[in-house]
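# A look at the structure
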Amino acid sequence: MNYQNAIEEALIKTKANITRFGDLFPHTSKDEVYQLNPNDNWTNGFWVGILWLCYQYSGDQAYRDAAQSAVERMKERLDLDQHLDTHDIGFLYTPATVAQWMIDEDQQARLASIKAADRLMKRYRKELGLIQAWGPLGDPNQGGRIIIDCLMNMPLLFWASQETKHDHYQAAAVQFIEKARRYLMRGDDSSYHTFYFDQVTGEPIGGATQQGYKDGSTWTRGQAWAIYGFALAYRYTHNPAYLETSKRAARYFIKHLPENYVAHWDFDVPIDDQIKPDSSASAIAVCGMHELLTWLGTEDSDYTKFSQAIEKTMQSLTADYTTEHGSEGLIDHGSYSVRENKSPDDYTIWGDYFYLEALLRLEKGYTGFWYA
Ligand code: GLY
């Protein structure tokens, strides 16, 4: 399937999903049916982002109406401060309210996005220089823990500084990114999923996984978040160290891919014929590498490697990972958490979002909503 056809197919499925999902939000699938939630999950922004991408591409009012209606529910969640005790606020609001601001210059969406950034700032523990990922602030187990996924929440803070001209959002983001670069990334260009710091002294304790194979392993999706997150950090700051870190993460990712260029769920899991892929990690990595290419000249020694990886991955995803006509998911064989047996081989709404963003990056030059 060429990219154009793949986009058209995604639009058809999304239009059907608007009716199927109604006021609910999809997360991951079970038996090829999306499990829906009333608006209490970390992934709900991705559904809204898909709707905005479809509208941006097609100009079809049906996608816009559905996106606006979902944004209202996202704003309500923010106003009531429900299910927001997490670092995932960037994942939730960047493709929802920031997207609406970018598309429509809607002032209410802009204000909601700033409010979301303020909510995310409540996770910033200045005394430790980190953004706490999970659990109540200062939780004895989770209080000093950072996770690599959080890199993708940083564009909301960068955006807020840009919009409001207040630099405290960006300062917190940079502090977190520095910690991520120093402690989550490893010398061989692989990454920890999460890392703990002592909550009294701030001293580093050590890396550990949540969704990866084991504590020292490289969880594929975490590595993909690193590729894209550091590339976006470079876009906002122009700190060359972030560009280099994104390149390092991408080189490692590509070097450890199987023949079809779609990543297994962890780079260190023993390979056998039961091993599960994570198509969502590959879709994220494609978007991250495409963002990286923006900054690399064609003469850069990695340019060809990254371009070829993008192409080969997308060939595999469009040929072998897309779902049958009439299905709810856009791509199959994503894994939420194989380790915890949570949707280990299913549709994931973030995989669908990044797959569509990747197609639109390649076919139309759109870049999602992570920066204006
Ligand atoms: N941010 C959670 C995940 O990637 O599963």
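Described below are features of the structure shown in this document. (Residues numbered from 1 in each chain as written. Predicted model: local features only at pLDDT ≥ 70, side-chain atom pairs only at ≥ 80, totals over all residues. Heavy atoms only, no water.)

Right, let's get into the sheet that holds strand S5 (residues 145-147). Across the sheet, which stays open at both edges, the three strands sit in the order S5-S6-S7 with antiparallel pairing between neighbours. One side of each edge strand has no neighbouring strand; the edge strands of this open sheet are S5 and strand S7 (204-208). Pairwise comparison of adjacent strand axes, ignoring direction, gives a mean angle of 20° for this sheet. In terms of strand pairing, strand S6 (residues 194-197) meets S7 through four bridges, oriented antiparallel. (Pairing = 2+ DSSP bridges. Helix = DSSP H or I, 4+ residues; strand = E, 2+ residues; numbered from the N terminus. Axes fitted to C-alpha atoms, helices over the stretch in contact; angles between N-to-C directions.)

Now for unusual backbone geometry. Despite not being glycine, Asp-189 has its phi angle at roughly 80°, a positive value. Among the structural elements, Asp-189 can be located in the loop between helix H7 (168-184) and S6. For Asp-189, a relative accessible area of 17% gives the class buried. Its identity is not glycine, yet Asn-341 carries a phi of approximately 55°, on the positive side. Position of Asn-341 among the secondary structure elements: in the loop between helix H11 (303-321) and helix H12 (349-364). (Buried < 20%, exposed > 50% of the residue type's maximum accessible area, 1.4 Å probe, protein only.)

The subject of this paragraph is the packing of aromatic side chains. Under the criterion given, the structure shown has 29 aromatic pairs. With centroids separated by 6.3 Å and ring planes inclined at 90°, the aromatic side chains of Trp-42 and Phe-46 adopt a geometry described as edge-to-face. Across the pair, exposure class does not vary: Trp-42 and Phe-46 are buried alike. Here the aromatic rings of Tyr-183 and Phe-197 are separated by 5.0 Å at their centres, their planes lie at 85°, and the arrangement is edge-to-face. Of the two residues, Tyr-183 is situated in helix H7 and Phe-197 in strand S6; the sequence distance between them amounts to 14 residues. Judged by relative accessible area, Tyr-183 falls into the buried class, the value being 16%. One aromatic cluster is present, formed by Trp-42, Phe-46, Phe-91, Trp-225, Tyr-228, Tyr-336, Trp-350, Tyr-353, Phe-354 and Trp-370 through successive ring pairs. Between Lys-179 and the ring centre of Phe-197, over which it is positioned, the NZ or CZ distance is 5.2 Å. (Phe/Tyr/Trp six-rings, centres within 6.5 Å; stacked < 30°, edge-to-face > 60°. Lys NZ or Arg CZ within 6 Å of the ring centre and 35° of its normal.)

Evaluated as defined, the whole model comprises 21 salt bridges. Glu-291 serves as the salt-bridge partner of Arg-235, at 2.7 Å between the closest nitrogen and oxygen. Here the residue Arg-235 occupies a position in helix H8 (residues 220-237), and Glu-291 occupies one in helix H10 (residues 279-295), the gap between them amounting to 56 residues. Here Glu-244 ties to Arg-251 by a salt bridge, and the two come within 3.6 Å at their closest N and O atoms. Linked through salt bridges whose partners overlap, the residues forming this network are Glu-244, Lys-247, Arg-251, Asp-300 and Asp-302. (Salt bridge = Lys/Arg side-chain N within 4 Å of Asp/Glu carboxyl O.)

Once that is clear, we can look at the environment of Ile-177. Examined against the element boundaries, Ile-177 turns out to sit in helix H7. C-alpha of Ile-177 to C-alpha of Ile-147: the two residues are 30 residues apart in sequence and 11 Å apart in space. If we skip the residues at most four places from it in the chain, Ile-177 touches Leu-151, Met-154, Phe-158, Phe-230, Ala-233 and Tyr-242. (Contact = heavy atoms within 4.5 Å.)

This brings us to the site of the ligand. Taken together, the neighbourhood of the ligand is formed by Trp-42, Phe-91, Asp-149, Gln-211, Trp-219, Arg-221, Trp-225 and Tyr-336. Contact distances for the ligand include 2.7 Å between a nitrogen atom and a side-chain N or O atom of Asp-149. The contact in question runs from an oxygen atom of the ligand to an N or O atom on the side chain of Trp-225, over 3.0 Å. When the ligand sits alone it has 200 Å² of accessible area, and the protein chains cover 95% of it. In this structure, the ligand is accommodated by the largest pocket. By residue class, the composition of the shell around the ligand is five nonpolar, one polar and two charged. (Near = heavy atom within 4 Å. Polar contact = N/O pair within 3.5 Å; in protein donor to acceptor, adjacent residues only side chain to side chain. Areas by Shrake-Rupley, 256 points an atom, 1.4 Å probe, with all protein chains shown as cover. 1 Å grid on protein atoms, 1.4 Å probe; cavity = no way out; pocket = protein on both sides within 12 Å on 5 of 7 lines; lining within 4 Å. Sits in = over half its atoms within 2 Å of the grid points. Nonpolar A, V, L, I, M, F, W, Y, C, P; charged D, E, K, R; others polar.)

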